[in-house]
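Each chain, written out:
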Amino acid sequence: MRPRALVVVVTLVIGCAGAAREARGQAPSSQPPVRPRVGVALGGGSARGIAHVGVLRWLEEHRVPIDVLAGTSMGGLIGGAYATGMSPDEIGRSRGRASPDLAGLTSDLTTHLWQATFM
């Protein structure tokens, strides 16, 4: 899925949550509205994994909080690095040091995740 398409999907999910609440006929209350939970699924593949960095950056810039993050293969590495506190810019800088086949990016992210988990 292209990054722009992923942004559209996330936006639609957020919008549908509000529309469903209105459709159920819930009366407005004096309590502040509950923020909908946002989940992001990151797919596999090196090129797609690098595109996820841009999506995460966009979500941060637009102050969209991420409650749940999941990924497979390269998406799992990107998501894991983000979940341990790396910013999208830091993940992107790792990509800058990567070799043309992206083995350097995988190595950088794996090392970061290992250190964040076990050290």
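This one's a predicted model, so the numbers in the text were calculated from it and none came from an experiment. (Residues numbered from 1 in each chain as written. Predicted model: local features only at pLDDT ≥ 70, side-chain atom pairs only at ≥ 80, totals over all residues. Heavy atoms only, no water.)

Let's talk about the overall build of the chain
Basically, it comes down to this: Each helix is a run of DSSP H or I of at least 4 residues and each strand a run of E of at least 2, with the numbering of both proceeding from the N terminus. Exposure classes here rest on a 1.4 Å probe applied to the protein chains alone. A residue is buried below 20% of its type maximum, exposed above 50%, and partly exposed in between. Whether two residues are in contact is decided by their heavy atoms: any pair within 4.5 Å suffices. The method behind every accessible area is Shrake-Rupley, applied with a 1.4 Å probe, and residues are considered shielded solely by the protein chains displayed.
Tallying secondary structure elements over the chain gives five helices and two strands in all. In the chain, the order of α-helices and β-strands from amino to carboxyl end is α-β-α-β-α-α-α. Looking at the chain as a whole, 28% of its 119 residues qualify as buried. For the chain, the share of sequence-separated contacts (at least 6 apart) that also reach a separation of at least 24 residues comes to 72%. If you sum the accessible surface of the chain, you get close to 7700 Å²; carbon and sulfur atoms cover 58% of it.

So, the environment of valine 40
By the element assignment, valine 40 lies in strand S1 (residues 39-42). For valine 40 and valine 55, which are 15 residues apart along the polypeptide, the C-alpha to C-alpha distance reads 9.8 Å. For valine 40, the contacting residues outside a window of four places in its chain are Leu59, Ile66, Val68, Leu69 and Ala70.

Focus: the packing of helix H2 (residues 46-61) against helix H3 (residues 74-83)
Convention followed: Only C-alpha atoms enter the line fits that serve as axes; for helices the fit covers just the stretch in contact. Angles between N-to-C directions range over 0 to 180 degrees. By definition, turning the near helix anticlockwise from the far helix through less than a right angle yields a left-handed crossing, and turning it clockwise yields a right-handed one. Polarity classes work like this: nonpolar for Ala, Val, Leu, Ile, Met, Phe, Trp, Tyr, Cys and Pro, charged for Asp, Glu, Lys and Arg, and polar for all others, with Gly in that last group.
Axis separation between H2 and H3 bottoms out at 8 Å; the angle between their running directions is 35°. Here the hand of the crossing between H2 and H3 comes out right-handed. The residues of H3 that touch H2, namely those facing Ser46, Gly49, His52, Val53, Leu56 and Glu60, are Met74, Gly75, Ile78 and Tyr82. Tallied by class, the residues present in the contact of H2 with H3 amount to five nonpolar, four polar and one charged.

Brief notes about the nonpolar core
Spelled out, the test is: Put simply, buried Ala, Val, Leu, Ile, Met, Phe, Trp, Tyr and Cys residues joined by side-chain atoms within 4.5 Å make one nonpolar core.
In terms of nonpolar packing, the biggest core is built from 17 residues, with Ile78, Ile91 and Leu109 touching the most fellow members. The set of elements that each furnish at least two residues to this core consists of S1, H2, H3 and helix H5 (103-118). With five residues, H3 is the largest single contributor of residues to this core. Other than its neighbours up to four places away in sequence, isoleucine 78 contacts Leu42, Gly49, His52, Val53, Leu56, Ile91 and Leu109.

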